[in-house]
Amino acid sequence: MSRAGREQRWVAKLQGQYVRFALEYWEGKLPTLPIRVSWRMRTRVAQLEWTRVALQPVEISINGRDILRFGWKAVREALLHEMVHVWQCRHGIAPSHGTLFQAEATRIGISPEATERLRPLRRRRGSSP
Ligand SMILES: [Zn+2]
């Protein structure tokens, strides 16, 4: 299968997981988001972008190399981590790894410890903590 074909399959799988997790953990009350596979990410497994003022989640990126390296179990945890940030946005909270994040992560059964490095917000969009 071509790289593009494989990537398409991954995106479909990730989008299916997003919908399933949203139903399972948040009663489906998370906005639907585009998910893409990125080959440019160096230090993160996953990342959420959101609009800085409106706290509108825009897109989730998943590191393609990490899918190959660590497999779907690690990716599941990373996707859920970003979905907690989506949940924060939905409640008007700028994504962070504070106590609310930790409580929600624990509630849904993922590590409450931040797995990404905190980075300052970019000019127009936030890049996820
Ligand atoms: Zn985070």
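Scoring rules and cut-offs
- Residues numbered from 1 in each chain as written.
- Predicted model: local features only at pLDDT ≥ 70, side-chain atom pairs only at ≥ 80, totals over all residues.
- Axes fitted to C-alpha atoms, helices over the stretch in contact; angles between N-to-C directions.
- Helix = DSSP H or I, 4+ residues; strand = E, 2+ residues; numbered from the N terminus.
- Parallel < 35°, antiparallel > 145°, perpendicular 65-115°, else oblique.
- Left-handed = near helix turned anticlockwise from the far one by under 90°.
- Contact = placed C-beta atoms within 7 Å.
- Nonpolar A, V, L, I, M, F, W, Y, C, P; charged D, E, K, R; others polar.
- Core = buried A, V, L, I, M, F, W, Y, C linked by C-beta atoms within 7 Å.
- Buried ≥ 20, exposed ≤ 12 C-beta atoms within 10 Å, placed from the backbone.

**Quick word on the packing of helix α2 (residues 64-90) against helix α3 (residues 99-108)**
Relative orientation of the contacting elements α2 and α3 amounts to 125°, with a least axis distance of 10 Å. Taken together, the axis directions place α2 and α3 in an arrangement best described as oblique. By crossing handedness, the relation of α2 to α3 is classed as right-handed. For the pair α2 and α3, the contacting residues are Leu80, Val84, Trp87 and Gln88 in the first and Leu100, Phe101, Glu104, Ala105 and Ile108 in the second. By residue class, the composition of the contact of α2 with α3 is seven nonpolar, one polar and one charged.

**Concerning the nonpolar core**
Core analysis: the biggest nonpolar cluster contains 22 residues, and Ile62, Leu79 and Met83 have the highest contact counts within it. Secondary-structure elements contributing two or more residues to this core are α1 (3-26), β2 (46-51), β3 (57-63), α2 and α3. It is α2 that provides the largest number of residues to this core, a total of 10 residues. In this structure, Ile62 is in contact with Leu14, Ile35, Val37, Ser38, Ala46, Ile67, Val75, Ala78 and Leu79, ignoring residues within four places of it in sequence.

**Observations concerning the packing of α1 against α2**
With their axes 10 Å apart at the nearest point, α1 and α2 run at an angle of 40° to one another. Judged on the interaxial angle alone, α2 and α1 are oblique. At the point where α1 passes α2, the crossing takes the right-handed sense. Every residue of α2 that contacts α1 at Glu7, Trp10, Leu14, Gln17, Tyr18, Phe21 and Trp26 is listed here: Gly64, Ile67, Arg76, Leu79, Leu80, Met83 and Trp87.

**Things to note about unusual backbone geometry**
In the Ramachandran plot, Glu27 falls in the positive-phi region, its phi being about 50° despite a non-glycine side chain. In this fold, Glu27 is placed in the loop between α1 and β1 (35-38). On the basis of neighbour count, Glu27 is assigned to the exposed category, with 8 C-beta atoms found within 10 Å. Positive phi is not limited to glycine here, since Leu55 has a value of about 55°.

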